[in-house]
Amino acid sequence: MDLSIPKEVEEIRAKAKAFVEEVAIPAEDHYDYDHGRMPEPIVQKLREEAKKRGLWTAHLPKSEGGLGLDLVGTALVFSELGRSPIAPYLCNCDAPDEGNMHLLHLAANAEQKKKYYHPLVEGKIRSGFAMTEPPPGAGSDPTTLSTNAEKDGDHYILNGHKWYCTGANGASFLIVMSKVNDSFRRTSMFLVPTDAPGYTMVQEIGVLGSHGPGGHCELKFENVKVHESQVLGKIGEGFRLSQERLGPARLTHCMRWIGLARRSMEIAREYAIKRELFGGKLSDHQGIQWMFAESALEIESGFLLTLKAADILRKNGDARQAVSLAKWQVSETLNKCIDRAIQICGSHGFSRYLKLELFYRDARAARIADGPTETHKMVIGRNLMSGKENF
Ligand SMILES: Cc1cc2nc3c(=O)[nH]c(=O)nc-3n(C[C@H](O)[C@H](O)[C@H](O)COP(=O)(O)OP(=O)(O)OC[C@H]3O[C@@H](n4cnc5c(N)ncnc54)[C@H](O)[C@@H]3O)c2cc1C
């Protein structure tokens, strides 16, 4: 594993750090706690600033309007942007659009790219990725997928019920996972414009944490007619493509979460150094120093696991074990670090002044979305038992 950082990547990382300090963190003061998102006019202004500073869609190849970073370079830059929960969206590299861009770049044909991919990269539209279904449909276990598309001439008739589709309210299109002719083996991805007759965004589901643009939504597809030209990739490629999307998308979550875990501990450090109690500084107490030490160990190991998985993926290797290890470790680390930071900051940590309470609410989803911790443990354990992976 080569961990040297090319000069060009170091420069982009420095730019990302400056953007977070100078633009994103001050803008967090505009965050609307009651509705769980940033005011749109401010977001649009700050997105222009991100473009001006050369930080737009950093993860894409230069030919596609990005910065040409490989996945390790992306880890270095995203972990800086992740220090502010609003910075990734301002730079058009937040979930789900970032993962959807990656997928469309890989699998969309020229016509699909023109209609969906290019406007998404330019930040003109938003998208959603609709996989999860209410029971008994697909959740942690995708083999229980119930959404179905029946072939009818040169169209497919799509019927299904999805939920927790991030960003769907106001999205222009969705990438929908569906069986075909009730065959699980033929599971495919369909590009569905949100003005298609028969499609309903039922509701933005109320959740713990902030919503981000477009919320987390329940969706219905009732006899939605999708032309065969709107199949992403080929019929039957749904699961292969979902692995292409989910591997890197889980890792880019980890990259951003590393940034937020670091920021939380920095907020706590600032407080601990300032606070005087029991004849000294809070930071002088060994019990507090150990909280920082434990956080440093967890953040560092999570980041190294993320870099390792990124390195395997950039070499086109099989990174499933490494991605599961990173996703498990970093999502748990994020939750532990924010919890410790709140504890260190006492009542002030519990308030909205320090933003830790917002991070805390948002972080809980990290242990569930994109595969709960238990599913990743299952995958890791199975691979070890079968001898496919070693210690
Ligand atoms: C904030 C947020 C955003 C999301 N965005 C999207 C999105 O954009 N698109 C989308 O399709 N989905 C999205 N999801 C859904 C997410 O991917 C699912 O929540 C996840 O895959 C788990 O599925 P489930 O919620 O149906 O849990 P279930 O499958 O019902 O599992 C319930 C619980 O069972 C336990 N469990 C699971 N597997 C095992 C095991 N092997 N052994 C023991 N216990 C186990 C876990 O504790 C798990 O939490 C989002 C979820 C959240 C919270």
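Computed from a prediction, not measured in an experiment: that's the story for all the values here.

A. Summary view of the side chain of Ser 242. Along the chain, Ser 242 turns up in helix H7 (residues 238-274). A distance of 3.1 Å separates a polar atom in the side chain of Ser 242 from the backbone oxygen of Phe 239.

B. Quick look at the UniProt feature "domain: Acyl-CoA dehydrogenase/oxidase N-terminal" (unreviewed entry) in the protein. This chain's UniProt record puts "domain: Acyl-CoA dehydrogenase/oxidase N-terminal" (unreviewed entry) on residues 7-124. Helix makes up 62% of residues 7-124 and strand makes up 0%, while its end C-alpha atoms are separated by 32 Å.

C. Structural detail: the site of the ligand. In the region of the ligand, 18 residues are neighbours, and Phe 129, Thr 132, Ser 140, Tyr 164 and Thr 166 sit closest. Here Thr 132 contributes a side-chain N or O atom positioned 2.6 Å from a nitrogen atom of the ligand. At 3.4 Å, a backbone N or O of Asp 370 approaches an oxygen atom of the ligand. Those elements that provide at least two residues to the shell around the ligand are strand E1 (127-130), strand E3 (155-166) and helix H11 (373-386). Split into classes, the residues belonging to the shell around the ligand amount to 10 nonpolar, six polar and two charged.

D. Summary view of the pattern of salt bridges. Evaluation of the coordinates by the stated rule reveals 32 salt bridges. With its nearest N and O atoms 2.9 Å apart, the salt bridge here joins Arg 37 to Glu 204. Placement of Arg 37 in the loop between helix H1 (7-27) and helix H2 (40-52) and of Glu 204 in strand E6 (residues 199-204) is noted, with a sequence separation of 167 residues between them. Classification of Glu 204 by relative accessible area gives partly exposed; the value is 25%. When the shortest N-O distance is used, the salt bridge between Lys 281 and Glu 276 registers 3.4 Å. Given the relative accessible area of 52%, Glu 276 is considered exposed. The network of salt bridges with common partners includes Glu 22, Glu 49, Lys 52 and Arg 53.

Criteria and thresholds
Residues numbered from 1 in each chain as written. Predicted model: local features only at pLDDT ≥ 70, side-chain atom pairs only at ≥ 80, totals over all residues. Heavy atoms only, no water. Helix = DSSP H or I, 4+ residues; strand = E, 2+ residues; numbered from the N terminus. Polar contact = N/O pair within 3.5 Å; in protein donor to acceptor, adjacent residues only side chain to side chain. UniProt positions renumbered as here; feature names shortened; annotations may be inferred. Near = heavy atom within 4 Å. Nonpolar A, V, L, I, M, F, W, Y, C, P; charged D, E, K, R; others polar. Salt bridge = Lys/Arg side-chain N within 4 Å of Asp/Glu carboxyl O. Buried < 20%, exposed > 50% of the residue type's maximum accessible area, 1.4 Å probe, protein only.

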